[in-house]
Amino acid sequence: MPSSVIAVRGLKKSYSTPAGDFPALKGVDLDIDAGEFVAIMGPSGSGKSTFMNLLGCLDRPSAGEYILDGRPVSAMDKDDLARVRGRLIGFVFQGFNLLPRFSLEDNVALPLVYANVERETRRARAREMLDKVGLGRYAASMPNRISGGQQQRVAIARALVNRPRLILADEPTGNLDTQTSEEILALFETLHREGITIVLVTHEPDIAAHAQRLVRFRDGLIVHDGGHVPEDHAEPAR
Amino acid sequence: MIATLLGQAWHAMGANKMRTFLTMLGMVIGVAAVVLMTAIGQGAQLAVADSISSMGANLFIVLSGSTTSSGVRAGGGNAPTLTVADADAIAELPGVAAVAPLHPGSGQVVYGSNNWNTSIYGITPAYLEVRSWSLAEGVPISDSDVRSATRVCLLGRTVVQNLFGNEDPVGKTLRIRSSPFVVIGVLAAKGQSLDGRDQDDTILVPLTTAQRQLFGVSFQGSVRLINVQAESPEAMDGVERDMTALLRQRHRIRENQDNDFFIRNLTAVADSAAETTRVMSLLLGAIASVSLLVGGIGIMNIMLVSVTERTREIGIRMAIGAREQDILLQFLLEAIIISVVGCCIGLALGVGGALLANILTKTAVVISGSSVLVAFGVAAAVGIFFGFYPARKAARLDPIEALRYQ
Ligand SMILES: Nc1ncnc2c1ncn2[C@@H]1O[C@H](COP(=O)(O)OP(=O)(O)OP(=O)(O)O)[C@@H](O)[C@H]1O
Ligand SMILES: [Mg+2]
């Protein structure tokens, strides 16, 4: 039996709002094995991003347990969490989140700075990753000089540069056209073939179709967890 | 890691040059003010110390006092109550190192076609010793000059310059109040006194010559004042008490009568002058430090704005593995760079300004390595102190909150 990279039990998250506590996740159980490619779908406000932020150790749950790569996250201190975010997980955002004043190469190399990697090694690895996403010749460019699809590829290169076991992508193609989305998805499939575990949130069924497993959220709970994507459950476009 | 962070801090500061410059300016002005004010303050202290040491150590001046004629008291030094005999008696007191009676006056001095009005002191040989005044050339006034009231004189630097120019005055004859005098020596330059008088604008003649030939005195041997030097600072109180008792007795002053002389402790005057300049230079430094403080607050202000503006950047950095201490260090470094670079510029300006003040206004300035070092240390400390709060605020941000920030 392959080991679980992610094991989640009874995970809950409430946001405190002026109107009182709002439960965004109401008790989620999920296991994701190493090397899986999982798509998460669900209507807007169903708690997908909340869930991804918890998986990415960017936020802490209100209740429940999250075991990441065999270690309970609740037992980690802030520095441990930072280390996990830097080395075990690569996070890809809908809005790319590149640093505007840094060249593409510096953006990609930044996680390595925090992992105390030597300058020369950082350069080499950043170049390698930019080549991998097909943007090697733009290494010295600034993020605002390239297209959205290219920016997202740089963000993926940055997520990959520290050789994480897990890529978490929250609507990575949400800001991109269909053509570019397909290119990004092809990239994720390559990573999947290389053995990296991928969890991807999307609203589009054709994107989700690239995954072998679909998890569906509604009102803070998982309502479907299956091997393939049933067409009749397809999301209405937002 | 530090090198990379330094590079990034430089980068961040370069992104907003005008703001960085203005923030730095607060620091520049603060440091320049501290350096300049300290230089001027220490310069003033040095100038006072110089004129104190030029005055002679452990010194009293005994002034002939006021007489009371029909209820009107004249000022000190007006009544001829002191005599050379008083001076000799004081010299016998314990704790007294030297006594130099003095008869001052002033008059017109002529040499060739030049003439000059200056102060003329009738002195005894002890005077030069008491004032720790040496000769630049020639010979001093001797006891025999005093005994036989010869017409010889010693010239101060300023007098030489005004009457002789580049000529060597020793051996020349000049006229003081129309009487011919032979110049036997030139006094070493002494500079300003505590009250700002030019001490080199002086002619010294034998006491007896001054009394009998230049100014005339009401009775034989009377002098206007006596310089008394005590053996040590500790002896001064005793000497003052003994002198008062001695002079009261010699002048036959009854129990309920006022003294007909004044005793001034010059060392005490000098001490209070030194204290005054010390307080002044402290005050200058304190005022300047306030501007350094304001500069520091400026840094804190800008760093807080910067943290708010870059909240999203902080979130991104945290999402890719930055720890709290990494973020803290990043912002702290920016604050320190601003204050240290500002400090260097401020040092240059402050030192330059002090030198300029020295050249333009002849104000004495002292630029000590220690004050430069202190300014530098304070600037770094200001950077750390005022940079720490904003940096900690940045480091304590919640990653997800920071990422959500628009
Ligand atoms: N910081 C927050 N404070 C309060 N409520 C929040 C916060 N973040 C999310 N929520 C609420 O929690 C619920 C789930 O939000 P979440 O962002 O996880 O949804 P989502 O499934 O990602 O939606 P979308 O498809 O629009 O991205 C929503 O109702 C949202 O309003
Ligand atoms: Mg979302």
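As a starting point, this report considers the structure included with it. (Residues numbered from 1 in each chain as written. Chains lettered and ligands numbered in written order. Predicted model: local features only at pLDDT ≥ 70, side-chain atom pairs only at ≥ 80, totals over all residues. Heavy atoms only, no water.)

1. Describing the overall build of chain A
If you tally the helices and strands in chain A, you get 7 helices and 10 strands. Over its C-alpha atoms chain A spans a radius of gyration of 18 Å, differing by no more than 12% from the 18 Å that the globule rule assigns to 238 residues. A principal-axis box enclosing the C-alpha atoms of chain A has dimensions of 45 × 45 × 40 Å. When burial is assessed residue by residue, chain A has 53% of its 238 residues classed as buried. Contacts in chain A between residues at least 24 apart in sequence constitute 70% of all its contacts with a sequence separation of at least 6. Of the roughly 10,400 Å² that chain A leaves accessible, carbon and sulfur atoms contribute 48%. (Helix = DSSP H or I, 4+ residues; strand = E, 2+ residues; numbered from the N terminus. Rg over C-alpha atoms; globule rule 2.2 N^0.38 Å. Buried < 20%, exposed > 50% of the residue type's maximum accessible area, 1.4 Å probe, protein only. Contact = heavy atoms within 4.5 Å. Areas by Shrake-Rupley, 256 points an atom, 1.4 Å probe, with all protein chains shown as cover.)

2. Some words on helix α2 (residues 17-55) of chain B
End to end, α2(B) covers 56 Å across 39 residues, agreeing with the expected 57 Å (1.5 Å per residue, within 8%). Residue B:G56 follows α2(B) closely and has a positive phi angle near 105°. (Expected span 1.5 Å × (residues − 1).)

3. Some points on the packing of aromatic side chains
On inspection of all chains with the given rule, the structure shows 4 aromatic pairs over all chains. Taking the centre distance of 5.2 Å and the plane angle of 45° together, the rings of A:F51 and A:F217 count as tilted. With A:F51 in helix α1 (residues 48-55) and A:F217 in strand β9 (residues 213-218), this pair connects stretches of sequence that are 166 residues apart. Under the relative-accessibility criterion, A:F51 is labelled buried at 0%. Classification of A:F217 as buried rests on a relative accessible area of 0%. Ring geometry for B:F385 versus B:F386: centroids 5.0 Å apart, planes at 85°, classification edge-to-face. (Phe/Tyr/Trp six-rings, centres within 6.5 Å; stacked < 30°, edge-to-face > 60°.)

4. A look at the sheet that holds strand β1 (residues 4-17) of chain A
All names here are of chain A. If you walk across this open sheet you meet the 4 strands as β2-β1-β4-β5, and the pairing is antiparallel. The strands lining the two open edges of the sheet, one partner per strand, are β2 (20-33) and β5 (71-72). Bridge count for β1 against strand β4 (residues 63-68) is 5 bridges, and the pairing is antiparallel. Bridge pairing in β4 links V8 to Y66. Contacting β1, β2 and β4, α1 runs over the sheet at an angle of about 120° to β1. (Pairing = 2+ DSSP bridges. Axes fitted to C-alpha atoms, helices over the stretch in contact; angles between N-to-C directions.)

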